[in-house]
Amino acid sequence: MLATQPKGSTKKFIFQIALFVLGYNTLLALIVKPVVSASLQLMLNTTGIQIAFNASILEFFLTLQGMVFGIFYLGLSAILVYYEFSTLVLLVYAYREGQPASLIQTHKNALSAMNSLKKPSVIGFLLYTLLLLPVSQTGLSSSLLHEINIPNFVIGEIMKYSWGGYVILAGGLIIAIAFISTVFILPVWYWRVGALHKRY
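Here goes a summary of the coordinates provided.

Thresholds, definitions, all that
- Residues numbered from 1 in each chain as written.
- Predicted model: local features only at pLDDT ≥ 70, side-chain atom pairs only at ≥ 80, totals over all residues.
- Heavy atoms only, no water.
- Helix = DSSP H or I, 4+ residues; strand = E, 2+ residues; numbered from the N terminus.
- Buried < 20%, exposed > 50% of the residue type's maximum accessible area, 1.4 Å probe, protein only.
- Areas by Shrake-Rupley, 256 points an atom, 1.4 Å probe, with all protein chains shown as cover.
- Phe/Tyr/Trp six-rings, centres within 6.5 Å; stacked < 30°, edge-to-face > 60°.
- Patch = residues over 30% accessible without salt bridge, like charges linked within 9 Å, V, L, I, M, F, W, Y side chains within 5 Å.
- Salt bridge = Lys/Arg side-chain N within 4 Å of Asp/Glu carboxyl O.
- Axes fitted to C-alpha atoms, helices over the stretch in contact; angles between N-to-C directions.
- Parallel < 35°, antiparallel > 145°, perpendicular 65-115°, else oblique.
- Left-handed = near helix turned anticlockwise from the far one by under 90°.
- Contact = heavy atoms within 4.5 Å.
- Nonpolar A, V, L, I, M, F, W, Y, C, P; charged D, E, K, R; others polar.
- Expected span 1.5 Å × (residues − 1).
- Polar contact = N/O pair within 3.5 Å; in protein donor to acceptor, adjacent residues only side chain to side chain.
- Core = buried A, V, L, I, M, F, W, Y, C linked by side-chain atoms within 4.5 Å.

1. Focus on the overall build of the protein chain
Assigned secondary structure in the protein chain consists of eight helices and zero strands. What you see in the protein chain, going N to C, is helices and strands ordered as α-α-α-α-α-α-α-α. Burial status across the protein chain gives 30% buried among its 200 residues. Summed over all atoms, the accessible surface of the protein chain reaches about 12600 Å², with 71% contributed by carbon and sulfur.

Laid out in structure tokens, this is it:
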């Protein structure tokens, strides 16, 4: 049962969510994505590789520069996605408990929650949010990575073989099973992060 919400708290909650989403997406558009693009271009310039074909992408990521960029991008993505989900969860949790917090305090709590990135248990959460949710395309995903599509050339190459259809079907089943088996990751994480709200 939900706690009784104070008068006007629903409007404040909606306003906080909207303000955060607007600010976060603005940050991604004006700072994060340009920095990532500039970093990628810098690394490409040092290798002399021009990504014009799919084979060039693989060639780039097999170089030292490509590996460095990959680690940088994954690390940055982990921090941003964890911060986004933490902030949203804390706002929802505070509203549900009938104890709305300021957006500034929520921001501080979300930053505190990122200490969990040092724990091995966070790997499952990151795989779920950075890989499984975008691949499954259920509509629940981070602002940074909405979806991951398997390149058409990969599917085309697989379908050239007589067993290609079975591989595609098996891949779909694996994604479905993985999604169902990890459906409780977000609810469990919700209560863990929500506990931070009770500390402050």
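2. What to know about the packing of aromatic side chains
All told, the structure shown has nine aromatic pairs when counted by the stated rule. Between Phe13 and Tyr95, the aromatic rings sit 4.4 Å apart at their centres with planes inclined by 15°, giving stacked as the arrangement. Taken as a pair, Phe13 in helix α1 (residues 9–47) and Tyr95 in helix α3 (residues 64–96) lie far apart in primary sequence, 82 residues in all. An aromatic cluster is present here, built from Phe60, Phe61, Phe69, Phe72 and Tyr73 joined pairwise through their rings.

3. Describing a nonpolar patch on the surface
The grouping of Leu27, Leu30, Ile31, Val35 and Phe72 at the surface amounts to a nonpolar patch, some 440 Å² of accessible area in total. Residue contributions to the nonpolar patch peak at four residues, all from α1. In this structure, Phe72 sits in helix α3.

4. Focus on the packing of α3 against helix α4 (residues 103–113)
For any two helices packed against each other, the geometry is given by the interaxial angle and the distance between the axes. Following both chains from N to C, one finds α3 and α4 inclined at 130°, their axes separated by 9 Å at the closest point. The angle between α3 and α4 places the two elements in the oblique class. As α3 runs across α4, the sense of the crossing is right-handed. Contacts from Tyr82, Tyr83, Ser86, Thr87, Leu90 and Leu91 of α3 reach α4 at Leu103, Thr106, His107, Asn109, Ala110, Leu111 and Ala113. Taken together, the residues of the contact of α3 with α4 break down into eight nonpolar, five polar and no charged.

5. Describing α3
Its 33 residues place the ends of α3 48 Å apart at the C-alpha level, agreeing with the 48 Å of an ideal helix rising 1.5 Å per residue. Positive backbone phi, approximately 70°, marks Gly98, located one or two places after α3.

6. A short note on the environment of Ser143
Note that Ser143 resides in the loop between α5 (122–136) and α6 (152–159). Here Ser143 is in contact with Tyr24, Asn25, Leu28 and Glu84, once residues within four sequence places are set aside. Engagement of the side chain of Ser143 in a polar contact is seen with the side chain of Glu84, the distance being 2.7 Å.

7. What about the nonpolar core?
Side chains of a nonpolar character, in soluble globular proteins, are inclined to be buried together. Counting 24 residues, the largest nonpolar core has Tyr24, Leu28, Leu80, Tyr82, Tyr83, Phe125 and Leu126 as the members making the most contacts within it. For this core, the secondary-structure elements that each account for two or more residues are α1, α3, α4 and α5. Considering each element in turn, this core owes the most residues, eight residues, to α3. Non-local contacts of Tyr24, meaning those with residues more than four positions away in its chain, are made with Leu80, Val81, Tyr83, Glu84 and Ser143.

8. Side note on the packing of α3 against α5
With their axes 11 Å apart at the nearest point, α3 and α5 run at an angle of 90° to one another. When the axis of α3 is compared with that of α5, the two are roughly perpendicular. For the pair α3 and α5, the contacting residues are Ser77, Ala78, Val81, Tyr82 and Phe85 in the first and Val122, Phe125, Leu126, Thr129 and Leu130 in the second. Within the contact of α3 with α5, the residues separate by chemical class into eight nonpolar, two polar and no charged.

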